[in-house]
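Structure at a glance
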Amino acid sequence: MKLDVTDLRYLTSEEFRVLTAVEMGSKNHEVVPSTLIAQISGLRNGGVNKILGVLAKRNLVAKVQNSKYEGYRLTYGGYDYLAMRALSKRDSMYSVGNQIGVGKESDIYVVADAEGHEMVLKLHRLGRVSFRAVKEKRDYLGKRKSASWMYLSRLAAQKEWAFLKVLHEHQFPVPRPVDQARHCILMEFIDAYPLHQIDQVPSPGKLYSQLMDLIVRLAHAGLIHGDFNEFNILIRRSDGEPVVIDFPQMVSTSHENAEWYFNRDVECIRTFFRRRFKYESAIYPRFKGTIGEGGKDDFRLDVVVEASGFGRREMKVLEQYAESVEESQSESEPDGDSDEEEEEGDEEGGDEVKDTSEGEDPEQVEDELSGDPEDSKAAAADSALESESSEAEGPPRSASASPSRQVADKDQENSFSAKKRKEIRDKAAIDAYKERARQKQKYHSRRGAERIGRAKGSKSKQDNRVKLWD
């Protein structure tokens, strides 16, 4: 849909309050009942119905007639208004200009701040007819079975924001990130042309080398763009340097299809240069050689941003297990004191797991919906897995064993390590899935929906407002 911000300046705080209530109710209802909207907003029922009528005329909400109850659903127009109001409150955006781009999953607009500095606003619009297979081709849902297109757009914006921020911090040629809210991303405006609109360049060989070096540099950092083509590459007007955009589909080099994505990015550039500039080179990067040689970028950005194919929790479990194996191999004789210290560490780890399960705040529903794991629970799970792996290793062997015996034990230990790594990795994934399911059941139950917006304390007994499900 086309963005129309004409009515944005005329919406009152009460209307935004009702619009936010519809968004909150959409977490548990496809069609939000009018009585639930009144409860969440905290306004009188008659006033809420009037405001809902005004919002419906402006196409910010849509009224749905149901046989069971009467309710409303949030539209992309209302979602745009909520996101832009959040950016405006943070003084990140002041005015909206023309539309400069449209794609299969986003719309691009020129905006400006209060000082007149131009920026780019990207609105994610998943669910279009030209891109309906996002639930199959992208891993936005994770372990979830289903979600609305607006929620998927929000997840896509959060993922692209994470990629854009970490790439800019490590001096990659990407636009400077400014702000992010819901399904919107605000970034630097670059005076450049898309590569597919350029008919000729001064030196095709130089530009070809720059793009191939950029693919290799990303791979050394543990990332693959996944859609590296002429539509996602900008050429600066001032110096002719390339700038890369569009990152939601990036994957890790540890992904099961990483080689296929890498070769596709390379082949897209080769095909374009051969067709447009009549330039073809026999030198191009290969996936195995690129991953094997490494580079100066000795950091793993795919672990930092938890790219598709590899996660931070899995890396932490494997690193801690490797450290425990090295410590056990370095010890030549068993020591009673070290065993006692290890037992104390295990007991402390158990207390930590118990403490993190208490005192949870129901107001963290939005963080749970975004799928971000809590650091305390991740640390507790990692410590529990580490203690289990250390117990499974057994006491260290004596240094007086024969050389042949040591070689046989070493081969057996290597095979055991590979098997144990897989078991720990699978267990970590199962524990994380169970924890997310438990939190989802806790915060998405019918009783939790009833409590939203309800007054607390002694005044709640004197509340005479209409309550849902009496």
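The chain carries the name Serine/threonine-protein kinase RIO2 in an unreviewed UniProt entry, which gives Lactarius akahatsu as its organism. UniProt's Sequence similarities (unreviewed entry) comment on the chain is quoted here verbatim: "Belongs to the protein kinase superfamily. RIO-type Ser/Thr kinase family."

So, the overall build of the chain
Within the chain one finds 16 helices and 13 strands. By residue count, 43% of the 470 residues in the chain fall in the buried class. Here the contacts in the chain between residues at least 6 apart in sequence split such that 68% fall between residues at least 24 apart. Summing over all exposed atoms, the chain offers an accessible surface of approximately 26700 Å²; the carbon and sulfur share of this is 48%.

Thoughts on the pattern of salt bridges
Inspection of the entire model under this criterion finds 12 salt bridges. Within the structure, one salt-bridge network assembled from shared partners comprises D80, D107 and R125.

Regarding the sheet that holds strand 9 (residues 192–194)
If you trace the 3 strands from one edge of the open sheet to the other, you get 9-11-12, paired in antiparallel fashion. Because the sheet does not close on itself, it has two edges, and the strands there are strand 9 and strand 12 (242–244). When strand polarity is set aside, the average angle formed by the axes of neighbouring strands in this sheet is 35°. When strand 11 (residues 233–236) meets strand 12, the two strands line up antiparallel, connected through 3 bridges. When the sheet's bridge partners are listed, I235 is paired in strand 12 with P242. Across the sheet, helix 7 (residues 204–220) touches strand 11 and strand 12, and the angle it forms with strand 12 is around 30°.

What to know about the packing of helix 1 (residues 13–25) against helix 2 (residues 34–41)
Contact geometry for helix 1 and helix 2: axes closest at 9 Å, N-to-C directions at 115°. Helix 2 is crossed by helix 1, and the crossing has right-handed handedness. Between helix 1 and helix 2, the residues in contact are R17, V18, A21, V22, M24 and G25 and I37, I40 and S41, respectively. For the contact of helix 1 with helix 2, the residue count by class is 6 nonpolar, 2 polar and 1 charged.

Observations regarding the layout of surface pockets
A volume near 830 Å³ is recorded for the second largest pocket. Secondary-structure elements contributing two or more residues to the lining of the second largest pocket are strand 4 (95–102), strand 5 (106–112), strand 6 (118–124), helix 6 (149–169), strand 8 (184–188) and strand 9.

Concerning the side chain of S41
Within the element layout of this structure, S41 appears in helix 2. On the basis of relative accessibility, which here comes to 1%, the residue S41 falls in the buried class. In terms of polar contacts, S41 uses its side chain to reach the backbone carbonyl oxygen of I37, at 2.8 Å. From its side chain, S41 meets the backbone oxygen of A38 in a polar contact 3.2 Å long. Setting aside residues up to four positions removed in sequence, S41 forms contacts with R17, V18, A21 and V48.

Some thoughts on the packing of aromatic side chains
In this structure the tally under the stated criterion is 8 aromatic pairs. Measuring from centroid to centroid gives 5.2 Å for W260 and Y261, while their planes differ by 75°, and the two rings are edge-to-face. By relative accessible area, W260 is classed as exposed at 52%. Here Y261 falls in the buried class, since its relative accessible area comes to 17%. Seen from their ring centres, F272 and F273 are 6.1 Å apart, and the 85° between their planes marks the pair as edge-to-face. With respect to burial, F272 and F273 carry one shared label: buried.

Digging into the sheet that holds strand 5
The antiparallel open sheet is built from 5 strands, whose spatial order is 4-5-6-8-7. Looking at strand neighbours, the two that pair on one side only are strand 4 and strand 7 (177–181), the edges of this open sheet. For this sheet, the mean angle separating the axes of adjacent strands, direction not counted, is 25°. As paired elements, strand 6 and strand 8 share 5 bridges and run antiparallel to each other. Residue pairing for strand 8: L123 is matched across the bridge by C184. Where helix 4 (residues 76–89) meets the sheet, it contacts strand 4, strand 6, strand 7 and strand 8, and its direction lies at approximately 130° from that of strand 7.

Conventions we followed
- Residues numbered from 1 in each chain as written.
- Predicted model: local features only at pLDDT ≥ 70, side-chain atom pairs only at ≥ 80, totals over all residues.
- Heavy atoms only, no water.
- UniProt positions renumbered as here; feature names shortened; annotations may be inferred.
- Helix = DSSP H or I, 4+ residues; strand = E, 2+ residues; numbered from the N terminus.
- Buried < 20%, exposed > 50% of the residue type's maximum accessible area, 1.4 Å probe, protein only.
- Contact = heavy atoms within 4.5 Å.
- Areas by Shrake-Rupley, 256 points an atom, 1.4 Å probe, with all protein chains shown as cover.
- Salt bridge = Lys/Arg side-chain N within 4 Å of Asp/Glu carboxyl O.
- Pairing = 2+ DSSP bridges.
- Axes fitted to C-alpha atoms, helices over the stretch in contact; angles between N-to-C directions.
- Left-handed = near helix turned anticlockwise from the far one by under 90°.
- Nonpolar A, V, L, I, M, F, W, Y, C, P; charged D, E, K, R; others polar.
- 1 Å grid on protein atoms, 1.4 Å probe; cavity = no way out; pocket = protein on both sides within 12 Å on 5 of 7 lines; lining within 4 Å.
- Points joined across faces, edges and corners; volume = space filled by probe spheres on them.
- Polar contact = N/O pair within 3.5 Å; in protein donor to acceptor, adjacent residues only side chain to side chain.
- Phe/Tyr/Trp six-rings, centres within 6.5 Å; stacked < 30°, edge-to-face > 60°.

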